[in-house]
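Understanding the architecture of this molecule
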Amino acid sequence: MENNIVDQVVLKTGHTIQLIEGNVLDATVDCILFAEISRNIELSGTDLLKRAGSSLQDLVREYVKQNGTLDRSDKVATINLTSAELKVNNVVFAAGPLWKGGKKNEKTILEETIYNCLEEANNKHFTSIAMDALCTDLFGFPNDVCAEAVYQAIGSWCLYRQFAYLNVIKVIIQNNKLDKFKEYFPLAFKDNPSFKTETSSGKPKNLHIKTGSNSDLTDLDEEQKKRKVDDEEETTHKRKGRNEETTIETLLEENDDDEEDEALTSDPLNKKLKGIKKASQSAKNSAWKRNRNEHKFLNKAKKKNIDDISTNITNAPVNIQAEDMSISTSLAMEDYSNMKDEDENNFDMTFL
């Protein structure tokens, strides 16, 4: 029965964890966790459906129709029900993993599923929750692996959600599966260094629940701290290295600019080059002004209706109009028309 408390502990995080021998369906809590189901929350043949009645199956089918299946470990469903055979009014459903020999990260997936269900219950402002040996019947989980996953998820969540709404967690196990849960309970909570030292609530901690002595657990905790310090030092070193490289590149660029300026001002040849550049720039400006004046001249010629100028070049009639000629072309044609016959053969027209 539920009132047979095997072991319990009150954590400094404000949570009470109880290990109880009995049936989870007899629990007096705000909600119970049920994870040995398919993605479609099919409850046929389960003790929960026998106790709650067919109305529960109708409720979960309606939930799936509106919200979809429980196809991920972070997707859970909370169903509110009223049954004379159950002391609880809320059930948190999650699709737990099938045991495949431990080759598909089944234990980790089960931990994540339990963690997310605890988070869901806390978000619903439930103050107590009960769970059994999850996935050890139809889904084939070994009792020891299930016990580690359950305690790992509970411990991590308690460290992450200190003094939360959900403050009572009951693990209710039937007699034939109780041994491993009873053995691991003090290792997970009473003797675990994670609950003996101050811990921040920023991230979940890995509790390293293993069978062994207290010294082994202390060594694991010290090794974890050392690894964390090494990672922080490596990250700091990389960050400093990037900052130093950026500073060096900036200094080199500034130094190159300074050296270039000094070379330009000290070397006489560079001074000449700078003078040539300036002269070239001024020449470009002059050419631009000259072209602009030519365009003004042509515009005036159009306004005065200058007649077409025609001449014969190499016995071929060519009509050259003032509006299509530049000033230099017009002057050349005028000189050609005034030339003598003996100079016509020596006149070069290729520049046109």
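Structure first, text after, so check above.
Per chain, the residues get numbers from 1 upward, laid out in the order the sequence is written. The predicted origin of the model limits local features to residues at a pLDDT of at least 70 and limits the giving and counting of side-chain atom pairs to 80 or more, whereas totals for whole chains, interfaces and linings rest on all residues. The side-chain numbers reported here are obtained from all heavy atoms of the structure, hydrogens and water having been left aside.

Attention now moves to the nonpolar core. Judged by nonpolar contacts, the single largest core of 48 residues is most densely connected at Met131, Tyr151, Ile154, Phe181 and Phe189. If you list the elements that add at least two residues to this core, you get strand 2 (16-21), strand 3 (31-34), helix 3 (106-123), strand 6 (128-131), helix 4 (143-160), strand 7 (168-173) and helix 5 (178-190). Helix and strand definitions here come from DSSP, where helices need a minimum of 4 consecutive H or I residues and strands a minimum of 2 consecutive E residues; each element is numbered from the N-terminal end. Considering each element in turn, this core owes the most residues, 11 residues, to helix 4. Apart from residues no more than four positions distant in its own chain, Phe189 is found in contact with Val9, Leu11, Ile17, Tyr151, Ile154, Gly155 and Phe195. In this structure, Phe34, Leu86, Phe93 and Ile172 belong to the second largest nonpolar core, which totals 28 residues. What is meant by a nonpolar core is a set of buried Ala, Val, Leu, Ile, Met, Phe, Trp, Tyr and Cys residues, joined one to another through side-chain atoms within 4.5 Å. Only protein chains enter the calculation, and the probe is 1.4 Å; a residue is then buried if its accessible area is under 20% of its type maximum, exposed if over 50%, and partly exposed in between. Should any heavy atoms of two residues lie within 4.5 Å, those residues are counted as being in contact.

So, on to helix 4. A rise of 1.5 Å per residue sets the reference length of helix 4, with its 18 residues, at 26 Å; its end C-alpha atoms lie 26 Å apart and thus fit the reference within 8%. Summarising burial for helix 4: 15 of the 18 residues are buried, a large majority. Here, expected helix span is obtained from the residue count minus one, scaled by 1.5 Å.

This brings us to helix 3. When the terminal C-alpha atoms of helix 3 are compared, their 26 Å separation across 18 residues agrees well with the 26 Å that a helix rising 1.5 Å per residue should span. The complete set of buried residues in helix 3 reads Glu106, Leu110, Glu111, Thr113, Ile114, Tyr115, Cys117, Leu118, Glu119, Glu120, Ala121 and Asn122. For helix 3, the secondary structure elements touched by its buried residues are strand 3, strand 4 (77-80), strand 5 (90-93), strand 6, helix 4 and strand 7. After helix 3 finishes, the residue His125 shows a positive phi value of roughly 65°.

Turning to the sheet that holds strand 2, a few remarks are in order. A strand pair is defined by DSSP finding two or more bridges across the two strands. Pairing within the open sheet is mixed, and its seven strands lie in the order 1-2-7-6-3-5-4. What marks the edges here is a single partner per strand, and that holds for strand 1 (4-10) and strand 4. Each neighbouring strand pair of the sheet contributes to a mean axis angle of 20°, computed without reference to strand direction. Note: strand 3 against strand 5, three bridges, orientation parallel. Pairing of Phe34 across the sheet is with Phe93, part of strand 5. To get an axis, fit a line to the C-alpha atoms, keeping to the stretch in contact for a helix; angles then go from 0 to 180 degrees between the N-to-C directions. Strand contacts of helix 2 (residues 54-67): strand 4 and strand 5, with the helix running at about 140° to strand 4, the strand carrying the most contacts. The strands touched by helix 3 within the sheet are strand 3, strand 4, strand 5, strand 6 and strand 7, with strand 6 carrying the most contacts at an inclination of about 150°.

Moving on, we come to the packing of aromatic side chains. Paired rings are identified among Phe, Tyr and Trp, the last through its six-membered ring, by centres lying within 6.5 Å, and are further divided according to the angle between planes into stacked (under 30 degrees), edge-to-face (over 60) and tilted (the rest). Using the criterion set out here, one finds eight aromatic pairs in the structure. Taking 6.0 Å as the distance between ring centres and 45° as the angle between the ring planes, the aromatic pair formed by Phe189 and Phe195 counts as tilted. By relative accessible area, Phe189 is classed as buried at 2%. For Phe195, a relative accessible area of 9% corresponds to the buried category. Among the aromatic residues, those joined into a cluster by ring pairs are Tyr151, Phe181, Phe185, Phe189 and Phe195.

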